[in-house]
Amino acid sequence: MVNCVLCSEEGGTLIWRGDDCRVVLVDDPDLPGFCRVIWNRHIAEMTQLSYGERDLLMHLVFAVEGAVGSVMRPNKINLAALGNQVPHIHWHVIPRFEDDAFFPGSAWSNRLRDTSDATLKMRRQQALELPQAIRAAIATLS
């Protein structure tokens, strides 16, 4: 699709790629550990996927969610598939903490606070473990 950022770019730092999907780590300074699970072909809606494709995608989303939970140990994990600005199927997997910049609002809401530099540095260090944990979780799906 012309002008689709997820067709022309990875959408983040590539962690894993399969025939149908990829998993990336998003470079968000306020939300370390933020990942996306992206369908490789340009499709806008989940209902445009076959039942088998939907199952595959959701198994990947849940594998990433589990890895993010184990590595980052957040208070909550947000899953979102909005696609209003980028109408290409992708799921956001976002570790949330009570002291993050937007909590309890969505990751796209107005900033409520600044998280300390020390806390963000520690979370960025934790996020370095995500690629291995995500690949291991996905490997168990085969």
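Please refer to the structure higher up on the page.
One structure accompanies this document, and this report is about it.

What counts and what doesn't
- Residues numbered from 1 in each chain as written.
- Predicted model: local features only at pLDDT ≥ 70, side-chain atom pairs only at ≥ 80, totals over all residues.
- Heavy atoms only, no water.
- Buried < 20%, exposed > 50% of the residue type's maximum accessible area, 1.4 Å probe, protein only.
- Helix = DSSP H or I, 4+ residues; strand = E, 2+ residues; numbered from the N terminus.
- Pairing = 2+ DSSP bridges.
- Core = buried A, V, L, I, M, F, W, Y, C linked by side-chain atoms within 4.5 Å.
- Contact = heavy atoms within 4.5 Å.
- Arc of directions from axis to C-beta.

### Brief notes about the pairing of strand S5 (residues 90-96)
Of all seven residues in S5, seven are buried; the element is thus mostly enclosed. What you see with S5 is no split at all: His90, His92, Ile94 and Arg96 on one side and Trp91, Val93 and Pro95 on the other are buried throughout. Here strand S3 (residues 35-39) pairs with S5 via four bridges, running antiparallel. Its bridge partner being in S5, Ile38 is matched across the sheet by His90. Where strand S4 (residues 76-80) meets S5, five bridges bridge the pair, whose relative direction is antiparallel.

### Overview of the nonpolar core
Nonpolar side chains in soluble globular proteins tend to be buried together. Membership of the largest hydrophobic core comes to 29 residues, with the highest contact counts inside it found for Cys35, Val37, Leu57, Leu130 and Ile134. Mapped by element, the contributors of at least two residues to this core are strand S2 (21-25), S3, helix H2 (51-72), S5 and helix H4 (130-139). Per-element tally for this core: the top contributor is H2, with ten residues. If near-sequence neighbours (up to four positions away) are discounted, Cys35 is found in contact with Ile15, Val24, Leu25, Val26, Val64, Val68, Trp91, His92, Val93, Leu130 and Ile134.

### Some remarks on helix H3 (residues 117-127)
All of the buried residues in H3 are Thr119, Leu120, Arg123, Gln126 and Ala127. Each buried residue of H3 sits inside an arc of 115 degrees when the element is viewed along its axis, so together they form one side. Exposed and oriented more than 90 degrees from the buried face of H3 are Asp117, Ala118, Lys121 and Gln125.

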